[in-house]
Amino acid sequence: MKKLLALVLVAVAGGALAVAVTGCGSEQAVSLGSPAAPTTTAKEQTGTVPTLLSLQVWFARDEGLVGVHRTHAPTQLVATAALNSLLAGPTPDERLTGLASAVPAGTKLIGIAIRDGVATVDLTSEFQSGAGSRSMQLRLAQVVYTLTQFPTVEKVRFRLDGTPVNVFSSEGIVLDHPVDRSDYVNLLPAITVAKPASGDHVTSPVTVSGTANVFEANLTVEVHDAHDRIVGKTFTTASCGTGCAGSFSVPVSYKLASAQAGTIVVHDDDAEGTGKPPHEVRVPVMLAASP
């Protein structure tokens with residue numbers, strides 16, 4: 001699953017980022033690749049404002065995982081930045097849309113160590129407070145999905161207050177091995193869009209990718225302009241149909257005379273003829289002109 005949803009970071013200052021991470025009593029430098037889709041402005045192009053890193057942080061809505069876009073000032077500690085953004089929780093505006101976090105308030109990041117594709121994350125013991133199997137699985141998944149966006153992180157191991165976790169919380173969740181996205185695939189909604197991320201600047205054709213578990217794996221991918229008019233459209237199928245999450249990736253061309261805010265829309269078929277597809281994901285983006 002990591003390959004399905006992982007985001008690739010875009011190179012900053014002409015080279016791959018290295019992250020110095022602390023954890024397990026050691027410190028190391030690990031390449032996390034280059035960040036994908038930094039946010040830039042006219043001032044940044046003149047060199048007066050640094051390019052911002054584009055990150056994805058995973059929260060919960062209706063007891064399922066949802067990825068949201070975050071920006072951060074340039075830093076070598078990109079994994080730390082992403083996790084601290086996760087621990088800060090959804091913004092007030094995001095909470096109004098139903099986003100929440102299963103991570104208990106007061107949870108702090110002690111450190112991260114990355115080696116051979118495994119990120120060992122050390123959190124304070126507040127992370128396992130509370131009760132409920134679904135909540136415990138969600139908070140673990142939020143950390144795993146947030147960390148595995150980076151190309152060099154395939155799996156995650158957990159520590160609490162410096163002690164390795166073998167059994168998590170009173171729910172008895174076994175964590176004596178590294179876990180990855182496939183361990184929490186049942187928490188994904190019917191359709192997820194990993195690329196582009198919310199707020200990304202895109203050009204035509206824009207590649208739209210993610211996962212889907214929908215009827216006969218059929219998907220429609222659209223590009224909407226600032227007035228919500230369809231300016232580009234295509235069809236694709238996920239790699240797996242009803243009953244399993246499959247991946248999809250498809251380029252969509254669009255035509256626009258001027259750059260503007262827009263929306264990437266992915267939905268399944270209206271098989272029951274209700275006039276509305278059962279599942280739809282809308283991702284706000286900035287569309288470059290494409291006459």
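This structure is a prediction, so every number in the text was calculated from the model and none was measured.

### Regarding the confidence of the model for the protein
Step number 1: Summing up the model confidence of the protein, the mean pLDDT is 83 and the portion of residues at 70 or higher is 83%.
Step number 2: Taken as a whole, residues 1–47 scores under 50 in pLDDT and shows 129 contacts with residues more than four places along the chain or in a different chain.

### Details of the state of the cysteines
Step number 1: Going through the model one piece at a time under the given rule, you end up with 1 disulfide.
Step number 2: The disulfide partner of Cys240 is Cys244, and the S-S distance across this bridge is 1.3 Å. Residues Cys240 and Cys244 are joined through a disulfide that is left-handed, its torsion about the S-S bond being -75°.
Step number 3: Judged by relative accessible area, which is 23%, Cys244 ranks as partly exposed.

### Quick word on the environment of Ser258
Step number 1: Within the fold, Ser258 resides in the loop between strand S16 (246–252) and strand S17 (260–267).
Step number 2: For the pair Ser258 and Ala289, spaced 31 residues apart in sequence, the C-alpha to C-alpha distance is 4.5 Å.

### With respect to the sheet that holds strand S5 (residues 109–115)
Within a sheet, each strand pairs with its neighbour through backbone hydrogen bonds, oriented either parallel or antiparallel.
Step number 1: Reading across the sheet, the 4 strands line up as S5-S6-S7-S8 and stay open at both edges, with mixed pairing between neighbours. Unpaired on one side and paired on the other, S5 and strand S8 (163–164) mark the two borders of the sheet.
Step number 2: Both S5 and strand S6 (residues 118–123) contribute to a ladder of 6 bridges, which runs antiparallel. The partner of Arg115 across the bridge, within S6, is Val118.

### As for the nonpolar core
Step number 1: Counting residues in each nonpolar core, the largest one holds 46 residues, and the members touching the most others are Val121, Leu147 and Phe158.
Step number 2: The biggest single contributor to this core is helix H5 (residues 133–147), with 8 residues.
Step number 3: If we skip the residues at most four places from it in the chain, Leu147 touches Ala79, Leu83, Ile112, Ala119, Val121, Val153 and Val156.
Step number 4: In terms of nonpolar packing, the next biggest core, distinct from the first, is built from 22 residues, Ala217, Leu219, Val221 and Val285 among them.

### Focus on the pairing of strand S18 (residues 280–287)
Step number 1: Across 2 bridges, strand S12 (residues 201–202) lies against S18 in parallel orientation. Residue pairing in the sheet places Val202 in a bridge with Leu287 of S18.
Step number 2: Bridge analysis of S17 against S18 gives 8 bridges, and the strand direction is antiparallel. When the sheet's bridge partners are listed, His267 is paired in S18 with Glu280.

### Observations regarding the sheet that holds S12
Step number 1: Reading across from one edge, S12-S18-S17-S14-S15 is the order of the 5 strands in this open sheet, with mixed pairing throughout. Of all strands in the sheet, those with a lone pairing partner are S12 and strand S15 (230–237), marking the two edges.
Step number 2: Pairing analysis gives 5 bridges linking strand S14 (residues 218–224) to S17, with the strands arranged antiparallel. Looking across to S17, one finds that Glu222 is bridged to Val265.

### Examining the pattern of salt bridges
Step number 1: Tallying each qualifying case throughout the model produces 5 salt bridges.
Step number 2: With a closest N to O distance of 2.7 Å, Asp228 and Arg282 form a salt bridge. One end of the pair, Asp228, is in the loop between S14 and S15; the other, Arg282, is in strand S18, with 54 residues separating them in the sequence.
Step number 3: A relative accessible area of 41% means that Asp228 is categorised as partly exposed.
Step number 4: What makes Arg282 partly exposed here is its relative accessible area of 40%.
Step number 5: A salt bridge links Arg282 to Glu280; the shortest N-O distance between them is 3.9 Å.
Step number 6: Salt bridges here are not isolated pairs; linked through shared partners, they connect Asp228, Glu280 and Arg282.

### Observations regarding unusual backbone geometry
Step number 1: Of note, the amide linkage connecting Lys195 to Pro196 takes the cis form, showing an omega dihedral of 0°.
Step number 2: Within the secondary structure layout, Pro196 lies in the loop between strand S11 (191–195) and S12.
Step number 3: Omega for the peptide link from Ser204 to Pro205 comes to -5°, which places this bond in the cis form.
Step number 4: With phi around 50°, Asp161 is a residue other than glycine that occupies positive phi space.
Step number 5: Mapped onto the elements of the fold, Asp161 is located in the loop between strand S7 (155–160) and S8.
Step number 6: Phi angles above zero are rare outside glycine, and Ser169 is one such case at about 65°.
Step number 7: Position of Ser169 among the secondary structure elements: in the loop between strand S9 (167–168) and strand S10 (173–174).
Step number 8: Its relative accessible area of 12% is what places Ser169 among the buried residues.

Cut-off values and rules
- Residues numbered from 1 in each chain as written.
- Predicted model: local features only at pLDDT ≥ 70, side-chain atom pairs only at ≥ 80, totals over all residues.
- Heavy atoms only, no water.
- pLDDT = per-residue confidence, 0-100.
- Contact = heavy atoms within 4.5 Å.
- Disulfide = S-S within 2.5 Å.
- Buried < 20%, exposed > 50% of the residue type's maximum accessible area, 1.4 Å probe, protein only.
- Helix = DSSP H or I, 4+ residues; strand = E, 2+ residues; numbered from the N terminus.
- Pairing = 2+ DSSP bridges.
- Core = buried A, V, L, I, M, F, W, Y, C linked by side-chain atoms within 4.5 Å.
- Salt bridge = Lys/Arg side-chain N within 4 Å of Asp/Glu carboxyl O.

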